[in-house]
Amino acid sequence: VSTHPREALAAYASGDLGPQERAGIESHLAACAECRTTVAEFRALLDELATATPAPPEPSWPRYRAELRARVDARRRPSWRARWLRPLPAAAMAAAAAAVAVVAYVAMPTERPPELAAIEYEGLAGRLPLIDNYQVVEQLDLLEDLDVIRDLDRLASTREG
Amino acid sequence: VEPSDEALCERVAAGDDAAFERLVERYQQRAYRLAWSILRDAEDARDLSQEAFVRLFQSAGSFRGRAKFSTWFYRLVVNLCLDHRRKHRWWHRLFAQEERATGDASPLDDQAAPGADPGDSLGRERVLARVWEAADRLSPQQRAVLVLHVQEELPMTEVASVLGCAEATARVHLHRALAGLRAALGPKEPA
């Protein structure tokens with residue numbers, strides 16, 4: 001008896017082999033009682049498996065589809081990360097680049113005319129009392145006390161007076 | 001004329017929601033049953049078969065039509081289930097140990113119902129169900145081959161495509177599955 005064609009026996013028992021391979025197995029089976037027994041047992045098992053296929057508990061299909069629809073919709077909405085990281089349109093990119101250029105130009109340290117610098121120092125000196133009142137400013141709630149902020153100058157002069 | 005699965009999948013890739021709904025209707029039972037047969041848990045089967053549909057919705061464009069749509073989709077389902085089994089293997093082992101510790105009989109240790117009359121349909125059902133209970137103890141790949149080949153009636157070439165392996169490998173799984181069942185249940189009387 002030639003080598004037992006073990007792996008092919010199961011496929012043969014389930015009727016899954018092509019004609020050529022099937023013929024090869026059949027000529028082996030004619031001479032091998034052990035493989036004939038194996039094939040017979042495999043066939044009996046396959047029959048049992050096919051007859052006794054267990055049925056799963058049936059879900060509610062409308063509910064199943066509703067859940068699935070919700071899952072698909074959730075995946076369809078891009079996440080906040082994807083929304084923020086998605087490529088900007090060319091116009092927005094150009095506008096952003098222009099804004100950066102303007103800010104860079106304005107912030108660049110430049111030699112200013114001495115008279116302009118003097119005006120700035122003067123303005124700053126006039127606001128010095130406000131810095132003295134830093135504790136008042138610090139405790140202001142920016143949104144609720146907008147009126148107070150508008151009248152800060154008056155507030156500073158009242159305290160001085 | 002009803003559009004083919006492949007045509008519907010192409011429409012899903014183009015963003016056609018109605019085509020997706022149609023495919024879900026066609027495959028929901030098969031996907032759920034296949035997932036349940038591998039996992040033996042209704043909740044997990046529902047979850048993973050739905051996930052397979054979500055993946056289908058997201059990646060319908062990657063279906064190239066080289067295989068049948070059903071093969072491609074079954075592959076999605078089976079891969080998700082086998083991944084799930086791999087990730088939760090420790091839990092299943094623990095659960096199986098607990099079952100043994102509490103004295104629940106292992107299906108492999110079950111004897112045929114004493115005096116079961118082969119003509120008695122209930123007795124026959126019980127005896128027949130043992131074969132699938134025993135199949136639960138096989139490796140996930142071996143059980144997947146049984147489910148796809150015996151239950152879903154796919155030829156072995158297609159089983160191999162679903163599992164993403166060579167046909168020879170799928171045959172080895174089938175052989176080992178049947179040999180494992182034979183060893184667990186004892187020699188069978190040929191039908």
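Anything mentioned here points back to the structure above.
Residues numbered from 1 in each chain as written. Chains lettered and ligands numbered in written order. Predicted model: local features only at pLDDT ≥ 70, side-chain atom pairs only at ≥ 80, totals over all residues. Heavy atoms only, no water.

S.K.: Help me understand the overall build of chain A, please; the structure alone is not making it clear to me.
M.R.: Helix and strand content of chain A: 11 helices and zero strands. Going from N to C terminus, chain A has its helices and strands arranged as α-α-α-α-α-α-α-α-α-α-α. Within chain A, counting contacts between residues at least 6 apart in sequence, those at least 24 apart form 48% of the total. A total accessible area of about 11,900 Å² is found for chain A, and carbon and sulfur atoms account for 60% of it. (Helix = DSSP H or I, 4+ residues; strand = E, 2+ residues; numbered from the N terminus. Contact = heavy atoms within 4.5 Å. Areas by Shrake-Rupley, 256 points an atom, 1.4 Å probe, with all protein chains shown as cover.)

S.K.: Would you mind going over the environment of cysteine 81 of chain B with me for this structure?
M.R.: Residues and elements named next belong to chain B. Structurally, the position occupied by cysteine 81 is in helix α4 (residues 69-87). Residue cysteine 81 is classed as buried on the basis of its relative accessible area of 0%. Distance from cysteine 81 to alanine 144, taken between C-alpha atoms, is 9.5 Å for residues 63 residues apart in sequence. Not counting residues within four places of it along the chain, the set of residues in contact with cysteine 81 comprises Ala35, Ile38, Leu39 and Leu48. (Buried < 20%, exposed > 50% of the residue type's maximum accessible area, 1.4 Å probe, protein only.)

S.K.: In this structure, what is going on with the interface of chain B and chain A? I would like to understand it.
M.R.: It is common to report an interface's size as the accessible area lost on association of the parts. On the chain A side, the residues contacting the 46 residues of chain B number 40 residues. Counting the surface lost from both chain B and chain A, the interface buries some 4,100 Å², and carbon and sulfur atoms represent 64% of this. The tally of links from chain B across to chain A stands at seven salt bridges. Put simply, chain B and chain A have 19 residue pairs in polar contact (both at pLDDT 80 or more) between them. Breaking the side of chain B that touches chain A down by element, the ones donating at least two residues are α2 (17-39), α3 (42-59), α6 (121-135), α7 (140-151) and α9 (167-185) of chain B. Considered class by class, the residues forming the side of chain B that touches chain A number 26 nonpolar, eight polar and 12 charged. (Buried area = accessible area lost by both parts, 1.4 Å probe. Salt bridge = Lys/Arg side-chain N within 4 Å of Asp/Glu carboxyl O. Polar contact = N/O pair within 3.5 Å; in protein donor to acceptor, adjacent residues only side chain to side chain. Nonpolar A, V, L, I, M, F, W, Y, C, P; charged D, E, K, R; others polar.)

S.K.: How should the pattern of salt bridges be read in this particular structure?
M.R.: If charged atoms from side chains of opposite charge come close, those side chains can pair. Summed over the entire model, instances satisfying the criterion amount to 20 salt bridges over all chains. Put simply, arginine 63 of chain A and glutamate 67 of chain A hold a salt bridge, and the shortest N to O gap is 3.3 Å. Here the residue arginine 63 of chain A and the residue glutamate 67 of chain A both occupy positions in helix α4 (residues 61-76), the gap between them amounting to four residues, near one helical turn. A salt bridge links lysine 68 of chain B to glutamate 158 of chain B; the nearest nitrogen and oxygen atoms lie 3.5 Å apart.

S.K.: Where do I start with the packing of α3 of chain B against α4 of chain B in this structure?
M.R.: Axis angle and axis distance: for two packed helices, these are the angle between their axes and the distance between the axes, and together they describe the pair. Residues and elements named next belong to chain B. Where α3 meets α4, the axes come as close as 9 Å, and the angle between the chain directions of the two elements is 130°. In terms of orientation, α3 lies oblique with respect to α4. Where α3 crosses over α4, the handedness of that crossing is right-handed. Two secondary-structure elements touch here, α3 through Asp44, Leu48, Glu51, Ala52, Phe53, Arg55, Leu56 and Ser59 and α4 through Phe69, Trp72, Phe73, Leu76, Val77, Leu80, Cys81 and His84. Of the residues that constitute the contact of α3 with α4, the class distribution is 11 nonpolar, two polar and three charged. (Axes fitted to C-alpha atoms, helices over the stretch in contact; angles between N-to-C directions. Parallel < 35°, antiparallel > 145°, perpendicular 65-115°, else oblique. Left-handed = near helix turned anticlockwise from the far one by under 90°.)

Nothing here speaks to function; it is all geometry.
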